Structure formats: structure tokens, C-alpha cells
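The lines below spell out each chain.
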Amino acid sequence: MTLSQTTRVKNSTPSSIRVMFDLAEQADHDLVRLEVGQPDFQTPAHIIDAATAAAKNGHTGYTANAGIPELRAAVAEMLQSSYGVPATPDGVTITVGGMEALHLAMLATVEPGQEVLLPSPVWPNYPMQATLAGGTPVEIPLSAETGYALDADAVIERMGPETAAVVLCTPSNPTGRVFDEKPVRAVVEAAAAHDVAVIADEVYLGLTYDRAPRGIAGYVDEHEHVLTIGSVSKTHAMTGWRLGWIAGDPAFIDGVNTIHESTTSCAPSIVQHAALAALTGPQEPVVEMYETFKGRRELVVDRIAEIDGLSAPDPQAAFYAFIEPELSGSSLSIAKRLLSEFGVVLAPGDGFGTAGKGRLRLSFANSTAQIEEGFDRIETALRSW
Ligand SMILES: Cc1ncc(COP(=O)(O)O)c(C=O)c1O
């Protein structure tokens, strides 16, 4: 007899991004991979050197649950100076990637049976994390016509005594949208009035192209209701190092540090030293990667505009375009055909909730040549389908 699984596991399904990734890995023909959401750059050398030095210098043991003091201080300083977030070192927990930070945020805010409001298109990890915390994810669909602007009225209307948290992913994965300050302020104000947490997922904030990046906690009055999630993954090409943080009111973060002991206790000590070098060392490689993504964004906007039957709101940040091809069928079936018949791999939009139906996420975390080739293949598919 096999070992029974909990409903928590049975209710969890692999995201359709993963499905496409696995299909692409198995394929035996030449593919253009535009489904993956991670920088196509190597981690800058000085960061790797810092990790090596940390290991050689004996930084190989557990650290405090909250992380090493120098890194907590560096994160607080960076949040304050780069994004206006009023963070203090005692209000920062260093985590194993932004993902663990989000998981801890859910565990610390959601009582079993409570709801987590998720403006959608929604990154699939949130509903899974909300469910694992015993909560119920509730999608609030945003409209493609507004470029997936935050609909504050729709979020506030759904907020009530049963609401534990609302997740604002800005800049957004998968749409590349940066939410405007006015609706964000309205949502945070309502959240504070209902004692609801605002989980601000800002892992892409450093990749904002057309305006100065500002963290939500930096411009709202009720910043003690905001939990800021960040990481070095996307901005510093460090996805595999697994280093992130959660920042908030020190009294709240104290409790997060306590439960951190049950998940990983602390982020790896060597990686914490590498992240310290990433935040306090030379920033030229980070600026170079940013400029490269920004240039690719222009290319993506131009190619979408010139291809008949393809549209998308212009990405304002991150490295995603959420495209709508004029093709019939589910997003998954379109993505599978694009892979098998045309050799281009995209993430199905319906993996990002109901608001993603019929759409596909295109990641431009790939070389200019590959992006051009990918669009050529999509264009051929649209002509011949
Ligand atoms: C929206 C969003 N939030 C958080 C994360 C977490 O990233 P990491 O755990 O690598 O910091 C990701 C990674 O893809 C993401 O897309």
C-alpha cells in the first residue's frame, strides 16, 4: 500500500510553466526558450569571490534566524536609499530566496480558512503558498484593456473580516506592469482599516524601466501593514543562490524570525556573505544587466507592434511580455503547438489564473538573437496556423 498524501499535496499541481519547461527539456530539436524567468547572465565575479572567501574564512555554520547583522543592515540601507522603504535592520529577515520570504509572510498572516486576495494574472506560487498556509486564494481579475492596472475598487470590494492578506506583485510577473501609486495607496489604506496584510512582492523592482522605482512601504502612510519581499535573484543574476528577505515592522518581523526556525532556520551563511558583496560591492555589472534588459524590452515592444495578430501591453519592468496571439484554443494547447511545430517555447497564460486565458508569457531573459528568432517563429506560426 502506498503512503497517503495530505489534501494539501493533492490540491497542489505543478504550474504550466513547469509543464512547458519539462517538455522543452525532453524535446530533441532546436528550440528557442522564452519560457524561463531567470536572467541569462552569470553572477558577477566579485560576488562569487566573496562566497569563496566566506567559505575559506570559516563562515560555514548556522547564523541567527534573522540573518547576519551586516546583511540585515545592508538590506535595510538599500531599501531605504534605492526605494524609499523605511526599513531598519531589526525589521529585516534574511530568507532562502524571495520564495521563502513569501511562504513565511503567508504563515505569519493567514489563519486557517482566511482568504488571500490575488490580483490576477497571478504568479502561480501565491495560490499554492496561500493554500499551504491553510488559506483560500481569491483571484481578482485585472483587465488587459487597462494594461493590467491595479483595480483598487475590485480589491477593496472583496476585502472583509475573512481577508488575511492581499498580495501586490509590482512589477508584475507575468505582465511587466508597475501598479500606479493611487490605487496602491487606496488598497493599503483599506487593508490597514481591516487589519489585512499587504504582501508587496517587489523582487523585480530593480528592473523598472520608465520611472524611478519606489517600494510600496515607501509611499503609503500605513507602512506597518506592508511586508516588503525582495531578493538578489533577478537584479544580480543570483537565482540559484537562493537569497531573499522580508522587511516590515520590527515587532512583526520578530515573530517571523521565530517561525523561520521551523523552515530553514537561516539562509546559508556563505550565500549571506555573497549577498552582502552583491549589495555593498561594485554595482556596474548590475547596471549593465539592467541596461541590457531595457534594450531588449524596446526590441520586444517593436516586434509585437509589427506582427499582425499579436498584441500585449508594453512591459514597464521585469523581463516579461504577456502576449495575446489571435489564435484559437487554450493557452496550453497553443504553447504546446508552438513548441512542437515551430520550436519556440512560451509559458501558457492560463497558468497565471483566469485573467491569463488565451495569452502567453514571453520572457526576454534571453539573447537579442534568440528573441528575434523567437518572434520570427511566432510570426510564421500566426501566418500559417
Ligand atoms: C513574482 C515573483 N516573486 C518572487 C519570486 C521569487 O524568486 P526568488 O525566490 O528566486 O527570490 C519570483 C521568481 O520567479 C517571482 O517571479
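Just so it is clear, the structure is predicted and the values come from calculations on it, not from any experiment. Along each chain, the written sequence defines residue order, and numbers are assigned to residues from 1. In keeping with the model being predicted, local features are shown solely for residues with a pLDDT of at least 70 and side-chain atom pairs are shown and tallied solely at 80 or more, while totals for entire chains, interfaces and linings include all residues. Water and hydrogen atoms were dropped before computing side-chain values, which therefore reflect all heavy atoms in the structure.

Enquirer: Just checking my understanding: could you explain the sheet that holds strand β13 (residues 360–363) for this structure?
Expert: Neighbouring strands of a sheet are bound in pairs by backbone hydrogen bonds; such pairs are parallel or else antiparallel. As summarised here, the arrangement of the four strands in space is β9-β10-β13-β12, forming an open sheet in which the pairing is antiparallel. Taken across any chain shown, the strands that pair with only one partner, and hence form the sheet edges, are β9 (310–311) and β12 (347–348). DSSP calls a pair of strands paired once it identifies at least 2 bridges connecting them. Here a strand is any run of E in DSSP of at least two residues, a helix any run of H or I of at least four, and the numbering for each starts at the N terminus. Bridge count between β9 and strand β10 (residues 320–325): two bridges; the pairing is antiparallel. Bridge pairing in β10 links Leu310 to Pro325. Contacting β9, β10 and β13, helix α12 (residues 284–306) crosses the sheet at an angle of about 5° to β10. Helix α13 (residues 331–342) contacts β12 and β13 of the sheet and is inclined by roughly 45° relative to β13. Any pair of residues with heavy atoms lying within 4.5 Å of one another is described as a contacting pair. Helix axes are fitted only over the stretch in contact, all axes being lines through C-alpha atoms; the angle between N-to-C directions runs from 0 to 180 degrees.

Enquirer: Honestly, the packing of aromatic side chains in this entry has me stumped. Any pointers?
Expert: Both the distance between ring centres and the angle between the ring planes are used here to describe each pair of aromatic rings. For Phe, Tyr and Trp, where Trp contributes only its six-membered ring, two rings pair if their centres lie within 6.5 Å, and the inter-plane angle classes them as stacked under 30 degrees, edge-to-face over 60, or tilted in between. Tallied over the entire structure, the rule returns 10 aromatic pairs. Judged by centre distance (5.0 Å) and plane angle (40°), the rings of Phe293 and Phe319 are tilted. Of this pair, Phe293 sits in helix α12 while Phe319 is found in the loop between β9 and β10, placing the two residues 26 residues apart along the sequence. With respect to class, Phe293 is no different from Phe319; both count as buried. Among the aromatic residues, those joined into a ring-pair cluster are Phe41, Tyr204, Phe293, Phe319 and Tyr320. For a Lys NZ or an Arg CZ to count as sitting over a ring, it must be within 6 Å of the ring centre and within 35 degrees of the ring normal. The positively charged end of Arg18 is found above the aromatic ring belonging to Phe21, 4.7 Å away from the centroid. Positioned above the aromatic ring of Phe21 is the side chain of Arg33, whose terminal nitrogen or guanidinium carbon lies 5.2 Å from the ring centre. Partly exposed describes any residue whose relative accessible area lies between the buried limit of under 20% and the exposed limit of over 50%, with all areas from a 1.4 Å probe on protein chains only and scaled to the type maximum.

Enquirer: Help me understand the domain arrangement of the chain, please; the structure alone is not making it clear to me.
Expert: Interface size, as often reported, equals the accessible area lost upon joining of the parts. Domain delimitation in this document rests on an assignment produced automatically or drawn from a domain database. When the domains of the chain are assigned, the result is domain 1 (7–43 + 285–384) and domain 2 (50–280). For domain 1 versus domain 2, the distance between C-alpha centres works out to 25 Å. Facing 34 residues of domain 1, the contacting portion of domain 2 comprises 36 residues. Each of two parts loses accessible area, computed with a 1.4 Å probe, when they are put together; buried area is these two losses added. With both chains or domains summed, domain 1 and domain 2 bury close to 2900 Å², and 60% of this area falls on carbon and sulfur atoms. For salt bridges, the criterion is a side-chain nitrogen of Lys or Arg within 4 Å of an Asp or Glu carboxyl oxygen. Applying the counting criterion to the domain 1 and domain 2 interface returns one salt bridge. Ionic pairing is found between Asp210 and Arg297, a salt bridge with its closest N-O pair at 2.9 Å. We define a polar contact as two N or O atoms separated by no more than 3.5 Å, with the added condition that, inside protein, one atom must be a possible hydrogen donor and the other a possible acceptor, whereas residues neighbouring each other in sequence contribute only through side-chain atom pairs. At the boundary of domain 1 and domain 2, one finds 17 residue pairs in polar contact (both at pLDDT 80 or more). Contributing elements (two or more residues each) for the side of domain 1 that touches domain 2: α12 and β10. The element best represented in the side of domain 1 that touches domain 2 is α12, accounting for six residues. As a working rule, the residues Ala, Val, Leu, Ile, Met, Phe, Trp, Tyr, Cys and Pro are called nonpolar, Asp, Glu, Lys and Arg charged, and the rest polar, with Gly in that last group. The class makeup of the residues in the side of domain 1 that touches domain 2 is 18 nonpolar, 11 polar and five charged.

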